[in-house]
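# What the coordinates show
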Amino acid sequence: MSLPADFLDELRARVGLAALIGRRVKLTRAGREMKGCCPFHNEKTPSFYVNEDKGFYHCFGCGAHGDAIGFAMADGGLSFIEAVKLLAAEAGLSVPDSAPRDADTAHRAELTDLLDFAARWFQQQLDGLKGADARAYLERRAVSPELVRAFGLGFAPDSRTALTAALKAEFHAIDPTMIQAAGLAGESDDGARYDRFRGRLMFPINSRSGKMVGFGGRALGATEPKYLNSAEGPLFAKGRLLYNFHRAAPDARKTGRLLIVEGYMDVIGLARVGIKGAVAPLGTALTEDQLALAWSVVDEPVLAFDGDSAGIRAAARAAARALAVLKPGKSLRFMTLPAGQDPDDLARSGGAAAIEALLQAAQPLERFLFDSEAMTHPLDTPERRGALRQRLAELAGTIPDADLRRDYISTWTGRAQAMVRPTRPDSRPAAARSAAKGGTRSWGSMPLDPTVRHETRALSHSPNERMVAMLLLSFATRPGALDRHAEGLAELPLQSPNLIAYRDALLDDRGLPPLAFGTRPLLASALSDDEFDRRAAITLASLQELHHIDAEMQPRDCSSAEAFALESDRQQVLRRAKDEAIRRLSLLASLDNAD
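Attention in this report is confined to the structure presented alongside it. Predicted model, so just to flag it, every value in this text is computed and none were measured. (Residues numbered from 1 in each chain as written. Predicted model: local features only at pLDDT ≥ 70, side-chain atom pairs only at ≥ 80, totals over all residues. Heavy atoms only, no water.)

With 18 residues, helix α14 (residues 343-360) should reach 26 Å at 1.5 Å per residue; the first-to-last C-alpha distance of 15 Å falls well below that figure. At Gly-350, α14 shows its strongest bend, of approximately 120°. Taken together, the buried positions of α14 are Pro-343, Asp-344, Leu-346, Ala-347, Gly-350, Gly-351, Ala-354, Ile-355, Ala-357, Leu-358 and Leu-359. Capping the start of α14 is the job of one residue whose side-chain oxygen sits 3.1 Å from the backbone nitrogen of Asp-344: Asp-342. (Helix = DSSP H or I, 4+ residues; strand = E, 2+ residues; numbered from the N terminus. Expected span 1.5 Å × (residues − 1). Bend = angle between axes of the 7 residues up to and from the residue. Buried < 20%, exposed > 50% of the residue type's maximum accessible area, 1.4 Å probe, protein only. Polar contact = N/O pair within 3.5 Å; in protein donor to acceptor, adjacent residues only side chain to side chain.)

It is worth spelling out the environment of Ala-541 at this point. Within the secondary structure, Ala-541 sits in helix α23 (residues 529-552). Of the residues examined, Ala-541 reaches a relative accessible area of 39% and is grouped as partly exposed. Each C-alpha atom, one on Ala-541 and one on Ser-349, is 9.7 Å from the other, the two residues being 192 residues apart in sequence.

Formed by 65 residues in total, the largest nonpolar core has its most connected members in Leu-184, Phe-215, Tyr-243 and Ile-268. Considering each element in turn, this core owes the most residues, 9 residues, to helix α5 (residues 101-127). Sequence-distant contacts of Leu-184, that is, excluding residues within four places in its chain, are made with Leu-114, Leu-115, Ala-118, Leu-163, Leu-167, Ile-179, Tyr-194, Asp-195, Arg-196 and Phe-215. Among the nonpolar cores identified, the runner-up in size contains 42 residues, and Leu-258, Ala-314, Val-325 and Ala-416 belong to it. (Core = buried A, V, L, I, M, F, W, Y, C linked by side-chain atoms within 4.5 Å. Contact = heavy atoms within 4.5 Å.)

Strand β9 (residues 200-206) sits mainly inside the fold: 7 of its 7 residues count as buried. Burial of the side chains of β9 extends over both faces: Arg-200, Met-202, Pro-204 and Asn-206 are buried on one face and Leu-201, Phe-203 and Ile-205 on the other. Sheet topology note: the strand β6 (residues 154-156)/β9 ladder contains 3 bridges and is antiparallel. Bridging from a neighbouring strand, Gly-154 pairs with Met-202 of β9. Bridging between β9 and strand β10 (residues 212-219) involves 7 bridges; their strand directions are antiparallel. Residue pairing for β10: Leu-201 is matched across the bridge by Arg-218. Hairpin geometry of β9 and β10 is characterised by an intervening segment of 5 residues between the two adjacent antiparallel strands and by a positive phi of about 100° at Gly-210. (Pairing = 2+ DSSP bridges.)

At a minimum axis distance of 10 Å, the contact between helix α21 (residues 482-490) and α23 shows a crossing angle of 10°. As far as their axial angle goes, α23 and α21 are roughly parallel. Two secondary-structure elements touch here, α21 through Arg-484, His-485, Gly-488 and Leu-489 and α23 through Asp-529, Asp-533, Ala-536, Ala-537 and Leu-540. Considered class by class, the residues forming the contact of α21 with α23 number 4 nonpolar, 2 polar and 3 charged. (Axes fitted to C-alpha atoms, helices over the stretch in contact; angles between N-to-C directions. Parallel < 35°, antiparallel > 145°, perpendicular 65-115°, else oblique. Nonpolar A, V, L, I, M, F, W, Y, C, P; charged D, E, K, R; others polar.)

Within the fold, Glu-43 resides in the loop between β2 (33-36) and β3 (48-51). Look at Glu-43: it is buried, it has no salt bridge, and the nearest opposite charge is Lys-35 at 10 Å. A distance of 2.6 Å separates the side chain of Glu-43 from the backbone nitrogen of Cys-38, its partner in a polar contact. A distance of 2.4 Å separates the side chain of Glu-43 from the side chain of Ser-47, its partner in a polar contact. (Lys, Arg positive; Asp, Glu negative; His and termini not counted. Salt bridge = Lys/Arg side-chain N within 4 Å of Asp/Glu carboxyl O.)

This part covers the sheet that holds strand β11 (residues 227-229). Pairing is antiparallel in the open sheet, where 4 strands are placed in the order β6-β9-β10-β11. In this open sheet, the two strands that pair with only one neighbour each are β6 and β11. Sheet twist, expressed as the average angle between the axes of neighbouring strands with direction ignored, equals 35°. Where β10 meets β11, 3 bridges bridge the pair, whose relative direction is antiparallel. Among the inter-strand pairings, Arg-218 is bridged to a residue of β11, identified as Tyr-227. Sheet contacts for helix α11 (residues 264-272): β9, β10 and β11; angle to β9, the most-contacted strand, approximately 80°.

Ordered by their spatial adjacency, 5 strands build an open sheet running β13-β12-β14-β15-β16, and the pairing between neighbours is mixed. With partners counted over all chains shown, the strands left at the sheet margins are β13 (278-279) and β16 (363-364), one partner each.

This paragraph deals with the pattern of salt bridges. Here the structure, examined in full by the defined rule, presents 23 salt bridges. Across the salt bridge formed by Asp-289 and Arg-14, the nearest N and O atoms sit 2.5 Å from each other. Highlighted residues: Asp-289 in helix α12 (residues 288-295) and Arg-14 in helix α1 (residues 5-15), separated in sequence by 275 residues. In this structure Asp-289 comes out as partly exposed when scored by relative accessible area, which is 29%. For Arg-406, the salt bridge goes to Asp-403, with nearest N and O atoms at 2.2 Å. Note that Arg-406 and Asp-403 are positioned in helix α17 (residues 402-420) at a spacing of 3 residues, about one turn of the helix. Across the pair, Asp-403 and Arg-406 agree in class, each one exposed.

Quick look at the structure:
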């Protein structure tokens, strides 16, 4: 019995070699590999190594060597097909009854050859005269020539036959149906074939093993759709692929972190600032197969979708879909981006530090789902609170694992009850309340990073105004940066007349009035222009965020016990958000050298 190569590749990827061998052998990390005592011969000093990236194990003592299927055969005394069936059952895959392996392999190899040639041809077009607009677009997006080469970016000229002609010249007597099967051509109603990609920036898409399987193309003009993928075919199945997975997987296994973003440019933008473990679905909602692929390298991938309404809805759909395939130890976390920004925007304005700060605050799956349901619907009546409990129960009911399902229901029920439980303020003095709670702090007394300069620590008392004053003083020492940040400064929601007068004087290039806050500049004068601009942009965005949080913290109706409890919980959520914003700003201010 023969089996298709793509099925066996998927089986090996889904199983996870280290997890499989770890059932029999205690493995420890040894650089990029895992090591342990060989299960096939007696030894006291480990000489058995597992390379997850390359998908094989090897024993330097007895010479045992193989992949996941080979290990299952050797360990269990199984035949090839028995091992495949065993692993497929664990991975949730159906084993094909049979397949004409030789013909299928040859056909797929021919399609891969066409795609490899097309990738090289697209790269040549990008470097040529017709690629000027595409190169200008990449320059505007701060994509360097090194990144262009690393990701194999190219350009498809606006021609209906240019690629087809190049393929026919390279592959003599090629069957036109092969070009279509490779996803490189389409067919009109009258039977005429045409190049599928025209006037687009081209992104090669690879399988998990790195083989070419298709392309994504971004329109450079007003053409719709904005993004176009290869057509579904023998090699390309977009619901089972993640863009950049073959590059990101080794880094993700090493760091234990995999980011799932929305678009190709987000992946490239993160790579530009040194964050290599990022992948993207191919313009679709995150599928169960894509989740399984992500879980094959890390236990808790982080979703970092765009901070607009569409991105938030996509994240909520992905979270709900993940529940149906949850297993113990496998979950998701969610990174919340500033409104209107995507990861590429944030990487360009704030660098890796801005991404890392948000990653540290990523929410676990259960909390993200609870907040998505609780914070987007009013809960001011028993009926509406009952509807929340019903929505949560329906979500939890989709979890297949009984223990996980019970845990989710218990966690969510307790949290929902806490939101509406009648509570009253403690009448004891503040000092007594703090002592009784073990010294619980409010946001204003949360400890800051010990390396934060003394003037930054004053943030705990008046974070918005004091941080604004420190930032304005920074611009006063760096007048050349004012033009680059004039719009952000002008939009700062200031209330203090002193700060408004100082800001306006800066922007108008006139004499600066005295500043009421006796503090020093936030950003060190020794910073390079690029680093100054990066930190200033993060600070301006974070101050806007703090302003919106402060506006939301204005007390609402507390006329009843239920309303008081609901408002108390809302204030706690906002205080946590404010704590996090202040922490990010404080750490940003401490990034330069101590005085």
